[in-house]
Amino acid sequence: MSGEETTPLRPASDEDFMRKAMRLAERAAEAGEVPVGTVVVFEGKVVARAWNQVEMLKDGTAHAEMLALTQAAAAVGNWRLTGATLYVTKEPCAMCAGAMVNSRLTRLVFGCADPRCGAAGSALNITGFPGMLHAVQVTGGVLGDECLAQFQEFFRRRRAESKNGDPAAGA
């Protein structure tokens, strides 16, 4: 060797994967969707990526997490997502948390908490509810301030557009 030091690649961290989810949330915002983005990681690789598409698909179940769980199951060839981690910018709702439990997801990592509707420990605890067939390990608050700022900016713009008479702002 020539004496140059080589820096070994470090494994991706929770923050790295959350930043990927945040970029997807930005895509949702650009499309006029609530800015939620998610990635699913299995065996160290991203196997699914999604963002909210409720308005685009006219489907109340088209949350980023639901779309990503479906993609991840197809990618790994099994509906049981044992060993997978889902990263999402906002604490999941009851529907998404229930789908994570039913999918046997090993771990959930979320950005900002949702004290009103969050179902991974804030308002409800579906992911760790005693008596369920499976419990999901939860880590909250990863880049939480940045994820919250992304939400706040989206809704600040939405309110400003609404005041200016933009009919799409009320969607």
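Going by the structure above, here's the rest.
What you are looking at is a predicted structure, and each value in this text was computed from that prediction instead of being measured. (Residues numbered from 1 in each chain as written. Predicted model: local features only at pLDDT ≥ 70, side-chain atom pairs only at ≥ 80, totals over all residues. Heavy atoms only, no water.)

1. What to know about the nonpolar core
Definition in use: By nonpolar core we mean a set of buried residues, namely Ala, Val, Leu, Ile, Met, Phe, Trp, Tyr and Cys, connected to one another through side-chain atoms within 4.5 Å. When accessible area is computed with a 1.4 Å probe and restricted to protein chains, residues below 20% of their type maximum are described as buried, those above 50% as exposed, and intermediate ones as partly exposed. Secondary structure elements follow DSSP: runs of H or I no shorter than four residues count as helices, runs of E no shorter than two count as strands, and numbering proceeds from the N terminus. Here, residues are in contact when the closest pair of their heavy atoms is within 4.5 Å.
Counting residues in hydrophobic clusters, the biggest one holds 41 residues, and the most contacted among them are Met-18, Val-40, Leu-86, Tyr-87, Met-100, Leu-105 and Leu-108. Of all the secondary-structure elements, those providing two or more residues to this core are helix H1 (14-30), strand S1 (37-42), strand S2 (45-51), helix H3 (64-76), strand S3 (84-90), helix H4 (94-102), strand S4 (107-112) and helix H5 (144-163). Among the elements that line this core, the one with the most residues is H1, at six residues. Each residue touching Leu-86, except ones within four places of it in the same chain, is listed here: Thr-38, Val-39, Val-40, Glu-65, Leu-69, Met-100, Leu-105, Arg-107, Leu-108 and Val-109.

2. So, the layout of surface pockets
Worth spelling out the cut-off: Definitions used for this entry: grid spacing 1 Å over protein atoms alone; cavity, a set of points where a 1.4 Å probe fits but cannot get out; pocket, an open set with protein on both sides within 12 Å along at least 5 of 7 lines; lining residue, one with an atom within 4 Å of a point. Grid points are joined across faces, edges and corners, and a volume is the space filled by probe spheres set on the points. Amino acids outside the nonpolar list (Ala, Val, Leu, Ile, Met, Phe, Trp, Tyr, Cys, Pro) and the charged list (Asp, Glu, Lys, Arg) are all regarded as polar, and Gly is one of them.
Approximately 420 Å³ is the volume found for the largest pocket. In terms of lining residues, the largest pocket is bounded by 21 residues, among which Val-34, Val-36, Lys-90, Asp-114 and Phe-151 are the most central. With four residues, H5 is the single largest residue contributor to the lining of the largest pocket. Grouping the amino acids of the lining of the largest pocket by side-chain chemistry returns eleven nonpolar, three polar and seven charged.

3. Overview of the side chain of Arg-158
What counts, and what does not: We define a polar contact as two N or O atoms separated by no more than 3.5 Å, with the added condition that, inside protein, one atom must be a possible hydrogen donor and the other a possible acceptor, whereas residues neighbouring each other in sequence contribute only through side-chain atom pairs.
Note on placement: Arg-158 falls in helix H5. A polar side-chain atom of Arg-158 sits 2.8 Å from the main-chain carbonyl oxygen of Gly-32.

4. A closer look at unusual backbone geometry
In this model, Lys-58 sits at a positive phi of 55°, which is unusual for a non-glycine residue. With respect to the helices, strands and loops of the structure, Lys-58 is situated in the loop between helix H2 (54-57) and H3. Looking at Lys-58, the relative accessible area reads 70%, which means it is exposed. If you check the backbone angles, Arg-104 has positive phi at about 60° while not being a glycine. Assignment of secondary structure puts Arg-104 in the loop between H4 and S4. With relative accessibility at 22%, the residue Arg-104 sits in the partly exposed group.

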